[in-house]
Amino acid sequence: MANTDDAPPDQEAVRIDAGGWGWTWAADTEGRLHQVGLGPDGADASVDVEAIWYPDSHPTWGGPDPYRPPGLRITHADGTTTTRLRLDRVDRQPLGDDESVSVCTVDESFDLRVRFCVTTHRASGVLEQWIEVDHDEGGPVVLWDYDSIAPTFLVGTDATITQFGGAGWADEWAWTTERLTPGTKVLDSLGGIQPHLQRAPMLLLEPNGPTDEHAGDVVGCSIAWGGNTRFALDLRPRANDDRGDLRLRAGANPLGAQYVLDPGTTFVSPTVAWTWSTGRGQLSDRFHRWTRSRVLRDPDRTRPIVVNNWESTFFDFDEQRIVGLIDRAADVGADLFLLDDGWFGTTSPRDDDTAGLGDWEPDRRKLPRGLPALVEAAGERHLRFGIWVEPEMVNPDSDLFRAHPDWVIRDRRAPREHRNQLALDPLIDEVRDFEVGVVDRVLGGAPGTSYVKWDANRPVTDPGSSALPADRQSNAWVDWVRATWEVMHRVAEGHPDVEVMLCASGGGRTDHGTLRWFHEFWTSDNTDPVTRVRMQWACGHWFPASAMAAHVTSWGARPLPFACAVALSARFGFDLDLDALDDDALTVCRRAVAVARRTQDLVQHGRLVRLVSPVDGTDRSRAALGFVAPDRSRAVVFCYQLDDPLSPPAELRITGLDPDGTYTIDATDLSDDGRSLGAASGAALADGAVAWMADEATTARVIELTRVAAPD
Ligand code: DGJ
């Protein structure tokens, strides 16, 4: 039962202690909420002047400031377009060391309520925040804007943001830092099913200018939403002052997605997870901790070394070819073989991407003994077996589509194909059951399978749902995400021991909302190691390396030792034609697996330290990052020379170690077994005791550090 704080809506403050930072809201004499504090001391802010002089806590259309875009815009049942909220009460519910807080407001003229909801996770300092709207107006209301947060920052002239958006497929996590200028900057994503191919739903804000790993104010914000997202940054300069007021609005992208809300029903916005930290290193510590605690499935389970067949065979394989690859996977020392796309389809065999999606029976021409023979072949070689599925999709050339042409996402026009496929409409009850059934049936038909790659290879292009009435079609964008999450939830519940990789044409679905039913994601189809270093650098700001699948492939035709070293700094695996490798190459693969065995606990569960940036500064030809054991007894550092050096070798300052401990130092470029570089103290290593060694383009060093003497 919630504690209800019935304090009158005067200057009584609502304080949120987020763990190391927080915010304070206070109601003015009319009950309107204002943000009186935000930041490291934000939860303790005093209300120095009347609350009305502080920025709106979450501006509504029709609120006191007519010059700035709102975070909430509603057309009421009678056609009124303005909303004015006043504080009703604050519900606080303890959750161990944390709490859930609901700041309940009501419209001053309508029977409509908006709750500003918060759940703390003080151990990490990440705050989860969303809004809920319900009403009892005489008819439906329309929500046009429904941001989850809308805080205001007092920023300096060089306030900067970093966004993670690129050209689309194979260009995820492109790093762009820019200075904010007055006006509104919108960073959004579209496409519905794989929007994060276009732009990851994360944003770094440096309100007082660029920061580094250790110092400076940095705010990190992640929209935990498996659909279209939007960040909007409204910067208004102050007169006769160098500073400005920056409002950050974040939530689902409402473009084309106005939500028609019936009386007696509740709209729940996406959750936005955000934190305020000192330096980017702390920001990642916080997001990693929170992701492990509140998002990832089985966060403490060490992830397997995976061999996938996609890039070596595409659709062209048979049982013998796959068993050959399984053999090789065992030979190099992997844990799991993952059979990718192309194994199914009977009437319409999946020989390419034009047919078979939806028909989840093994193609007996390719696999005469079905999947069990492959599970068995893997088991005999002490490997686990995993399987690729794409439950949300259908090819028109399939038995499924021939039986259920009405099951797809479409408006009144003929639906357009994308990658020769259509998306199933999860708002149709039978479709959700079918999708859950796909995984049940595939796993049931191949007992012993313990890993699933869940793919989704097209966006929404013809938004419409036969499950919604004509005047609710725009609700589909929000409802599809929730319906898909229901399917994923049922699958996770039904197969608690099966590990699941989230994939959508690469990293098209890398959000903290969808990931709750998964163990990891496919970071990008782009596996060129040079590009991957930068992608993993950006992605690693938000996710622990255990979640970021990274496979060695032949993309970019880079030297194999370099490609292995890049994949080793995330969840390691191969997507190489192992059968075609010569002995020397196989030796490199075996050596990489041996390094993975020694270091994967550090990479997956240790603390990330970023050392040399490939995305900041003028010389972006190098990168270095490390992972340190929680007790600082061991660490692994990866150094990459991505291009010809542009400047003299960087000093390698290895931070995060025990300064008083002595560490042995072993280094390899993976072309041989490496060598010892002696020993040094943690303090000396932080001071550059190890010189930069990877001095030729596309070479790497993996440095393993082991503490031999701890302080007394
Ligand atoms: C897109 C994925 O990102 C690839 O890894 C592969 O699984 C293909 N789909 C298969 O169609």
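Every value quoted in this text rests on a predicted model; they were computed, and no experiment measured them. (Residues numbered from 1 in each chain as written. Predicted model: local features only at pLDDT ≥ 70, side-chain atom pairs only at ≥ 80, totals over all residues. Heavy atoms only, no water.)

Some remarks on the overall build of the protein chain
Scanning the protein chain for helices and strands turns up eleven helices and 37 strands. Principal-axis analysis of the C-alpha atoms gives the protein chain an extent of 80 × 70 × 45 Å. Once the 70 positive and 112 negative side-chain charges of the protein chain are each reduced to a mean point, those two points are 1 Å apart. (Helix = DSSP H or I, 4+ residues; strand = E, 2+ residues; numbered from the N terminus. Lys, Arg positive; Asp, Glu negative; His and termini not counted. Charge placed at Lys NZ, Arg CZ, Asp CG, Glu CD.)

With respect to the site of the ligand
Residues in contact with the ligand amount to 13 residues; listed here are only the nearest, Asp340, Asp341, Lys453, Asp455 and Asp525. Asp341 is positioned such that a nitrogen or oxygen atom in its side chain is 2.7 Å from an oxygen atom of the ligand. Contact between the ligand and Lys453: an oxygen atom at 2.8 Å from a side-chain N or O atom of the residue. Considered on its own, the ligand offers 290 Å² of accessible surface; in the complex 97% of this is hidden by protein. Across the shell around the ligand, the residue classes break down as four nonpolar, three polar and six charged. (Near = heavy atom within 4 Å. Polar contact = N/O pair within 3.5 Å; in protein donor to acceptor, adjacent residues only side chain to side chain. Areas by Shrake-Rupley, 256 points an atom, 1.4 Å probe, with all protein chains shown as cover. Nonpolar A, V, L, I, M, F, W, Y, C, P; charged D, E, K, R; others polar.)

Remarks on the pattern of salt bridges
Tallied over the full model, the rule gives 66 salt bridges. With a shortest N-O distance of 3.0 Å, Arg115 and Glu132 are connected by a salt bridge. Placement of Arg115 in strand β8 (residues 112-121) and of Glu132 in strand β9 (residues 126-135) is noted, with a sequence separation of 17 residues between them. The shortest N-O distance in the salt bridge between Arg115 and Asp134 comes to 2.8 Å. Taken together, the residues span a long stretch of sequence, with Arg115 in strand β8 and Asp134 in strand β9 at a distance of 19 residues. The pair Arg115 / Asp134 is uniform in exposure class, with both members buried. (Salt bridge = Lys/Arg side-chain N within 4 Å of Asp/Glu carboxyl O. Buried < 20%, exposed > 50% of the residue type's maximum accessible area, 1.4 Å probe, protein only.)

Examining the nonpolar core
Core analysis: the largest hydrophobic core is formed by 190 residues, its most contacted members being Trp274, Leu339, Trp343 and Tyr640. By residue number, the principal contributor to this core is helix α7 (residues 476-494), which donates eleven residues. Ignoring sequence-local partners within four residues, the contact set of Leu339 consists of Asn309, Phe317, Ile322, Leu367, Leu371, Leu374, Phe385, Gly386, Ile387 and Trp388. In this structure, Ala680, Trp692, Met693 and Ile703 belong to the second largest nonpolar core, which totals 22 residues. (Core = buried A, V, L, I, M, F, W, Y, C linked by side-chain atoms within 4.5 Å. Contact = heavy atoms within 4.5 Å.)

Quick notes on the sheet that holds strand β11 (residues 152-155)
Judged by pairing direction, the sheet is antiparallel, and its four strands sit side by side in the order β11-β18-β17-β14 without closing on themselves. Only two strands of the sheet have a single neighbouring strand rather than two, namely β11 and β14 (183-188). The average undirected angle you get between the axes of adjacent strands in this sheet is 20°. (Pairing = 2+ DSSP bridges. Axes fitted to C-alpha atoms, helices over the stretch in contact; angles between N-to-C directions.)

As for the pairing of strand β12 (residues 160-165)
Buried residues dominate β12, accounting for six of its six residues. Burial of β12 is two-sided: the residues Thr160, Thr162 and Phe164 facing one way and the residues Ile161, Gln163 and Gly165 facing the other way are all buried. Where β12 and strand β13 (residues 175-179) come together, five bridges link them in antiparallel fashion. Residue pairing in the sheet places Ile161 in a bridge with Glu178 of β13.

What to know about unusual backbone geometry
Notably, Arg419 is not glycine yet its phi reads approximately 50°, a positive angle. Along the chain, Arg419 falls in the loop between α5 (399-403) and β26 (422-423). The backbone phi angle of Asn420 is positive, close to 60°, even though this residue is not glycine. Relative to the elements of secondary structure, Asn420 occurs in the loop between α5 and β26.

Examining the side chain of Asp619
With respect to the helices, strands and loops of the structure, Asp619 is situated in the loop between β32 (607-612) and β33 (622-628). A distance of 2.6 Å separates a polar atom in the side chain of Asp619 from a polar atom in the side chain of Ser621. Reaching out from Asp619, the side chain makes a polar contact with the side chain of Arg622 at a distance of 2.9 Å. The residues touching Asp619, leaving out its near neighbours within four places in the chain, are Ser613, Leu646 and Ser647.

Describing the environment of Trp407
With respect to the secondary-structure elements, Trp407 resides in the loop between α5 and β26. As a C-alpha pair, Trp407 and Trp454 span 47 residues in sequence and 20 Å in three-dimensional space. If sequence neighbours within four positions are ignored, Trp407 has contacts with Leu400, Ala423, Leu424, Asp425, Ile428, Glu430, Val431 and Phe434.

Observations regarding the packing of helix α3 (residues 319-332) against helix α10 (residues 583-605)
Where α3 meets α10, the axes come as close as 8 Å, and the angle between the chain directions of the two elements is 55°. What the angle tells us is that α3 and α10 run oblique. On the side of α3, the interface is formed by Arg328, Asp331 and Val332, while α10 contributes Leu586, Cys589, Arg590 and Val593. Its residues assigned to classes, the contact of α3 with α10 comprises four nonpolar, no polar and three charged. (Parallel < 35°, antiparallel > 145°, perpendicular 65-115°, else oblique.)

Focus on the packing of aromatic side chains
Taken as a whole and assessed by the stated rule, the structure comprises 30 aromatic pairs. Relative to Trp25, the ring of Trp23 has its centre 4.3 Å away and its plane inclined at 20°; by these criteria the two rings are stacked. Assigned by exposure class, Trp23 and Trp25 land together as buried. Pairing Phe287 with Trp542 gives two aromatic rings, centres 4.9 Å apart and planes at 70°, and the pair type is edge-to-face. Separated by 255 residues along the polypeptide, Phe287 in helix α1 (residues 280-295) and Trp542 in the loop between α8 (529-539) and β30 (548-552) bring together distant segments of the chain. There is no split in this pair, since Phe287 and Trp542 are both buried. (Phe/Tyr/Trp six-rings, centres within 6.5 Å; stacked < 30°, edge-to-face > 60°.)

Overview of the pairing of strand β6 (residues 85-95)
With ten bridges joining them, β6 and strand β7 (residues 98-107) adopt antiparallel strand pairing. Along β7, the bridge assignment pairs Gln93 with Ser100. Turn length for the β6-β7 hairpin, with the two strands adjacent in sequence and antiparallel, is two residues, and the turn residue Gly96 shows positive phi of about 65°.

Focus on the sheet that holds strand β27 (residues 449-454)
Taking strand neighbours around the barrel as the criterion, the eight strands line up as β22-β23-β24-β27-β28-β29-β30-β31 in a closed arrangement whose pairing is parallel. Ignoring which end each strand starts from, the neighbouring axes of this sheet average 30° apart. The sheet contact formed by strand β28 (residues 499-502) and strand β29 (residues 520-522) spans two bridges and is parallel. Pairing of Met501 across the sheet is with Glu520, part of β29. Strands in contact with α3 are β22 (306-308), β23 (336-339) and β31 (571-574); relative to β23, the strand with the most contacts, it is inclined by about 150°.

Some details on a nonpolar patch on the surface
Taken together, Val49, Ile52 and Trp53 make up a surface patch of nonpolar side chains, about 350 Å² in accessible area. On the secondary structure map, Ile52 appears in the loop between β4 (33-39) and β5 (72-75). (Patch = residues over 30% accessible without salt bridge, like charges linked within 9 Å, V, L, I, M, F, W, Y side chains within 5 Å.)

Regarding α10
Residues three or four positions apart in an α-helix share a direction because the helix packs 3.6 residues into each turn. Given a rise of 1.5 Å per residue, 23 residues ought to cover 33 Å, and the 33 Å separating the end C-alpha atoms of α10 matches this to within 8%. Of all the bends in α10, the greatest measures close to 60° and is centred on Thr599. Capping the start of α10, Asp582 holds a side-chain oxygen 3.2 Å from the backbone nitrogen of Asp584, two or three residues further along. (Expected span 1.5 Å × (residues − 1). Bend = angle between axes of the 7 residues up to and from the residue.)

With respect to the confidence of the model for the protein chain
Of the residues in the protein chain, 98% reach a pLDDT of 70 or more, and the chain-wide mean stands at 96. The low-confidence segment residues 1-10, where pLDDT is below 50, has 21 contacts with residues more than four positions distant or belonging to other chains. (pLDDT = per-residue confidence, 0-100.)

Focus: the side chain of His495
Here His495 lies in the loop between α7 and β28. For His495, the residues in contact, after removing those within four places along its chain, are Arg297, Val439, Asp440 and Leu443.

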